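The lines below spell out each chain.
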Amino acid sequence: MIAPAVQKRRIAVLYLILLATPTSLSANITITVIPDLARALGVSAAEATWAATAFGWGGVLGAPLTAALLRIRGIRAATIVNATLVLLGTLLVAGAPTLPTLLAGRAAQAAGGGGLVTIAITLAGTTSRAGAITAGVGLVGAFGPLAGSTLSVISWRVPLLLSLPGLLAVPAVLRHAAHHDSREATATRTDAIGILLVMTLVSAIVLIPRLELAAAAAAAVAGLMLTLHVHMKPAGFVPRPVIRSRAFAGAAVAAGTLSTSYFALLYTVPRLLERHWTTERIGLMTLMMLTVGSIASLSFTQWTSRLGAAVTQAVLPATGAVAVALALAAPWPVLVAASTAFAVFAATAAMAWYAARVGEVVPHEHRATAVSLLTLCYQLGGAFGPALATLLLA
């Protein structure tokens, strides 16, 4: 079980899927509205692309914020805070008269949405249920560009409001979530420094593609300070028993690497196919491949308990490697397109399996934190991947 102490009874997985998936839909929409957004707000297209950066930044902040809330206040409070962020952010986006206001709204949407994804995976309880959530995230996210271009006919703001449907699942989570056990709050309540350092580190990492050397230097300093802080406060926000666990370290590296590969290919493959196919055919094939990969991930995670840990750990990185190999060296366009199916399969199945694995091996009092930090590693791939794609295509 991932977090048996934070729920009264198992929540229907459909509610958890609804809680998590709108964020992935909203994340993949921004790029389709940038031209209209720029014209409406009177900014350049380059300035308008900060809307995508703001969403990515907010998304990775949602995981550490939620990790702190889970340990300090529990599932109920974490759900309410994140739902409020989504609602307030959406209201800002709906009426934003200027780009800074829009950026604030998108960051709030993403922070709340990222937190709701963390909560959904924390409440999943089994690999198969976590797999249904992550496969849903991949599948729904695949429809982001199509939804964005379709809804932009109404207004460029409409696609940016698609985080809202996730709030429909909040009442179900609140009905089922247990009240927080205050005995778990002591360590995190006094570790504001640890929380601040994690947020600074992930913020700097996300901004490296934008601010380059300044952000890289900030990330290095924050990383060093966080390392020293964990050494001095082993039971703080980033518990030493978690990061010293080989299972957690391996899971974090695998989730981050496969996620980065997936998001890099998501941006790279359409460019590779431009000399072979029309834009419409590329979009259709990408959607089909992402759908196939997400469904395959869902099926695979239902069978991991029978396949065993050794087979599962071999299949996931091997599939990720196949995805990269196809994109780089496949002789036919259809195989290049197929790389995205392998990539989304590897990334979403890995997140589901490793989340359950980590929940089983870390100390009980650190399970929710471990899953939150693992989710953060996965979400960082959403920041690294596009940046890597930009370098590859330059």
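Residues numbered from 1 in each chain as written. Predicted model: local features only at pLDDT ≥ 70, side-chain atom pairs only at ≥ 80, totals over all residues. Heavy atoms only, no water.

Q: For this particular structure, what's the right way to read the overall build of the chain?
A: Counting its regular elements, the chain contains 19 helices and zero strands. A buried classification covers 56% of the 394 residues belonging to the chain. Counting contacts in the chain only where the partners sit at least 6 residues apart, residues at least 24 apart contribute 82% of the total. Within the structure as shown, the chain displays about 16,500 Å² of accessible surface, and the carbon and sulfur contribution to it stands at 70%. (Helix = DSSP H or I, 4+ residues; strand = E, 2+ residues; numbered from the N terminus. Buried < 20%, exposed > 50% of the residue type's maximum accessible area, 1.4 Å probe, protein only. Contact = heavy atoms within 4.5 Å. Areas by Shrake-Rupley, 256 points an atom, 1.4 Å probe, with all protein chains shown as cover.)

Q: Would you explain the packing of aromatic side chains in this entry?
A: Within a pair of aromatic rings, the relevant descriptors are the distance that separates the centres and the angle that separates the planes. Under the counting rule described, the total for this entry stands at three aromatic pairs. Summarising the aromatic geometry, the rings of phenylalanine 300 and phenylalanine 345 are spaced 5.3 Å apart at their centres and angled 70° between planes, so their arrangement reads as edge-to-face. Residue phenylalanine 300 is located in helix 15 (residues 279-301), and its partner phenylalanine 345 is located in helix 18 (residues 333-361); the two are separated by 45 residues in the primary sequence. Taken as a pair, phenylalanine 300 and phenylalanine 345 share a single burial class, namely buried. On the basis of an interplanar angle of 70° and a centroid distance of 5.0 Å, the ring pair of tryptophan 353 and tyrosine 354 is categorised as edge-to-face. Look at tryptophan 353 and you get buried, because its relative accessible area is 6%. Residue tyrosine 354 is classed as buried on the basis of its relative accessible area, which comes to 8%. (Phe/Tyr/Trp six-rings, centres within 6.5 Å; stacked < 30°, edge-to-face > 60°.)

Q: Could you clarify how one ought to interpret helix 12 (residues 213-232) in this entry?
A: Three or four residues apart is the spacing at which side chains of an α-helix point the same way, because the helix has 3.6 residues per turn. With 20 residues, helix 12 should reach 28 Å at 1.5 Å per residue; the first-to-last C-alpha distance of 29 Å fits that figure. For helix 12, every residue scored as buried is listed here: Ala215, Ala219, Ala222, Gly223, Leu226, His229 and Val230. The buried residues of helix 12 occupy an angular sector of 130° when the element is viewed end-on, so they sit on one face. Exposed side of helix 12, more than 90 degrees from the buried face: Leu213, Ala214, Leu224, Thr227, His231 and Met232 are the residues found there. Packing partners of the buried residues in helix 12 comprise helix 11 (192-211) and helix 13 (240-243). (Expected span 1.5 Å × (residues − 1). Arc of directions from axis to C-beta.)

Q: Any chance you could explain the environment of proline 333 here in plain terms?
A: For proline 333, the location among the structural elements is in helix 18. Taking C-alpha positions, proline 333 is 38 Å from valine 358, a pair spaced 25 residues apart along the chain. Not counting chain neighbours up to four residues away, the residues in contact with proline 333 comprise Leu273, His276 and Trp277.

Q: Just checking my understanding: could you explain the confidence of the model for the chain for this structure?
A: Detailed conclusions should not be drawn from predicted coordinates in areas where pLDDT is low. Per-residue confidence for the chain gives a mean pLDDT of 86, with 93% of residues at or over 70. The lowest-confidence element of the chain is helix 10 (residues 186-189), averaging 47 in pLDDT; the highest-confidence one is helix 5 (residues 75-95), averaging 94. In the predicted structure, residues 1-8 sits below a pLDDT of 50 and forms 29 contacts with residues beyond four places in sequence or in another chain. Contacts of residues 179-188 to residues separated by more than four positions or lying in other chains number 20 contacts, the stretch itself having pLDDT below 50. (pLDDT = per-residue confidence, 0-100.)

Q: How do you make sense of the packing of helix 2 (residues 30-41) against helix 6 (residues 99-124) when you look at a structure like this?
A: How two helices sit against one another is set out by the angle between their axes and by the gap between those axes. Running from amino to carboxyl end, helix 2 crosses helix 6 at an angle of 150°, the nearest separation of the two axes being 12 Å. Between helix 2 and helix 6, the angle falls in the class roughly antiparallel. On the side of helix 2, the interface is formed by Thr30, Leu37 and Leu41, while helix 6 contributes Leu99, Leu102 and Arg106. Its residues placed into classes, the contact of helix 2 with helix 6 shows four nonpolar, one polar and one charged. (Axes fitted to C-alpha atoms, helices over the stretch in contact; angles between N-to-C directions. Parallel < 35°, antiparallel > 145°, perpendicular 65-115°, else oblique. Nonpolar A, V, L, I, M, F, W, Y, C, P; charged D, E, K, R; others polar.)

Q: What's the story with the side chain of threonine 369 in this structure? I'm lost.
A: Secondary-structure assignment places threonine 369 in helix 19 (residues 367-393). Within the local environment of threonine 369, its side chain forms a polar contact with the side chain of arginine 71, the two groups lying 3.4 Å apart. When sequence neighbours within four positions are dropped, the list of residues in contact with threonine 369 reads Ala67, Arg71, Phe237 and Pro239. (Polar contact = N/O pair within 3.5 Å; in protein donor to acceptor, adjacent residues only side chain to side chain.)

Q: Would you mind going over the pattern of salt bridges with me for this structure?
A: Proximity of charged atoms lets side chains of opposite charge pair with each other. In this structure the tally under the stated criterion is two salt bridges. Notably, a salt bridge pairs arginine 39 with aspartate 36, separated by 2.2 Å at the nearest N-O pair. Residue arginine 39 and its partner aspartate 36 are located together in helix 2, separated by three residues, close to a single helical turn. On the basis of relative accessibility, which here comes to 60%, the residue arginine 39 falls in the exposed class. According to the relative accessible area criterion, aspartate 36 is partly exposed, its value standing at 27%. Of the charged contacts in the structure, one is a salt bridge between arginine 271 and glutamate 274, with a shortest N-O distance of 3.8 Å. (Salt bridge = Lys/Arg side-chain N within 4 Å of Asp/Glu carboxyl O.)

Q: What should I look at first to understand the nonpolar core in this one?
A: Membership of the largest hydrophobic core comes to 100 residues, with the highest contact counts inside it found for Leu19, Ile133, Phe248, Tyr262, Leu316, Tyr354 and Leu374. Looking at which element gives the most residues to this core, the answer is helix 18, with 17 residues. Discounting residues that sit within four places of it in the chain, tyrosine 262 has contacts with Leu290, Ala343, Val344 and Ala347. Among the nonpolar cores identified, the runner-up in size contains 19 residues, and Ile29, Ala48, Leu99 and Leu103 belong to it. (Core = buried A, V, L, I, M, F, W, Y, C linked by side-chain atoms within 4.5 Å.)

Q: Whenever I open this one, the side chain of threonine 21 confuses me. Can you help?
A: Along the chain, the position of threonine 21 falls in helix 1 (residues 13-27). What threonine 21 contacts, discounting residues up to four positions off in sequence, is Gly136, Val137 and Val140.

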